[in-house]
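# Residue-level structure breakdown
The chain contents come next:
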Amino acid sequence: MKIAVYPGSFDPITLGHLNIIKRAAVCFDRLVVCVMVNSGKDGGLFTPDERVELIHRVVDRLPNVEVDRSSGLLSDYCRRRKACAVVKGLRAVSDYEKEVQMALINRKLNPRLETMFLPSSAKYTYLSSSVVKEMAFYGSDLSDFVPREIIGDVNEKMRQRREG
Ligand code: ADP
């Protein structure tokens with residue numbers, strides 16, 4: 001069984017992430033979307049458990065997609081899950097430099113682990129979780145940015161943040 005891991009902060013999951021998930025899921029027997037908790041990006045909008053719950057809701061109908069979280073090293077997690085590949089989405093050249101460095105480090109730590117890059121679909125190249133948070137903060141319509149199942153959650157969380 002070919003298992004791949006798609007790691008990220010997913011704070012929150014966007015339509016760009018979902019596009020990568022759907023495209024990667026057809027290439028592997030199982031795709032594990034893993035919320036990485038120790039990535040240095042602290043002070044997120046959603047807690048790791050909330051992010052997992054939102055992703056669950058969005059991938060509910062994709063039968064070979066699983067959701068998990070990890071606070072350890074990605075290469076250790078992949079070894080434990082017997083994953084053969086890490087999937088990464090590439091939006092721009094700026095993603096490339098950082099991601100290739102990470103891929104080389106991960107292969108050094110776990111020589112049987114490959115990193116597979118999927119180019120972002122053109123219509124999502126501009127999209128990141130940070131853009132979503134910025135838009136939500138100013139009350140923009142989020143329907144072009146995040147899956148509809150979670151729009152209410154993002155708006156509500158931002159309202160709490162604004163008022164708290
Ligand atoms: P963000 O930069 O949105 O905070 P994450 O850390 O959650 O992203 O990203 C997880 C993975 O998803 C990374 O491989 C990232 O390059 C990829 N990704 C993020 N947004 C997009 C997008 N719009 N299109 C394709 N890949 C993306």
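Description of the structure in this document.

So, how was this worked out
- Residues numbered from 1 in each chain as written.
- Predicted model: local features only at pLDDT ≥ 70, side-chain atom pairs only at ≥ 80, totals over all residues.
- Heavy atoms only, no water.
- Helix = DSSP H or I, 4+ residues; strand = E, 2+ residues; numbered from the N terminus.
- Contact = heavy atoms within 4.5 Å.
- Expected span 1.5 Å × (residues − 1).
- Buried < 20%, exposed > 50% of the residue type's maximum accessible area, 1.4 Å probe, protein only.
- Arc of directions from axis to C-beta.
- Near = heavy atom within 4 Å.
- Polar contact = N/O pair within 3.5 Å; in protein donor to acceptor, adjacent residues only side chain to side chain.
- Areas by Shrake-Rupley, 256 points an atom, 1.4 Å probe, with all protein chains shown as cover.

This part takes up the environment of R79. Within the secondary structure, R79 sits in helix 3 (residues 74–80). Each C-alpha atom, one on R79 and one on N106, is 11 Å from the other, the two residues being 27 residues apart in sequence. Ignoring anything within four residues of it in the chain, the contact list for R79 reads L109 and N110.

This part takes up helix 6 (residues 151–163). Compared with an ideal rise of 1.5 Å per residue, which puts 13 residues at 18 Å, helix 6 spans 18 Å between its outermost C-alpha atoms and is within 8% of the ideal. Along helix 6, the residues classified as buried are I151, V154, K157 and M158. Taken down its axis, helix 6 places every buried residue within 135° of arc, on the same side.

This part is about the site of the ligand. In the vicinity of the ligand, 19 residues are found, and the nearest of them are Y6, F10, G89, Y124 and S129. Between the ligand and the protein, one listed contact pairs an oxygen atom with a side-chain N or O atom of S9 at 3.1 Å. L127 is positioned such that a nitrogen or oxygen atom in its backbone is 2.9 Å from a nitrogen atom of the ligand. Notes on the ligand: free accessible area 540 Å², of which the protein chains cover 92%. Among the elements of the structure, strand 1 (3–8), helix 1 (15–25), strand 4 (85–90) and helix 4 (93–109) are those that each provide at least two residues to the shell around the ligand.

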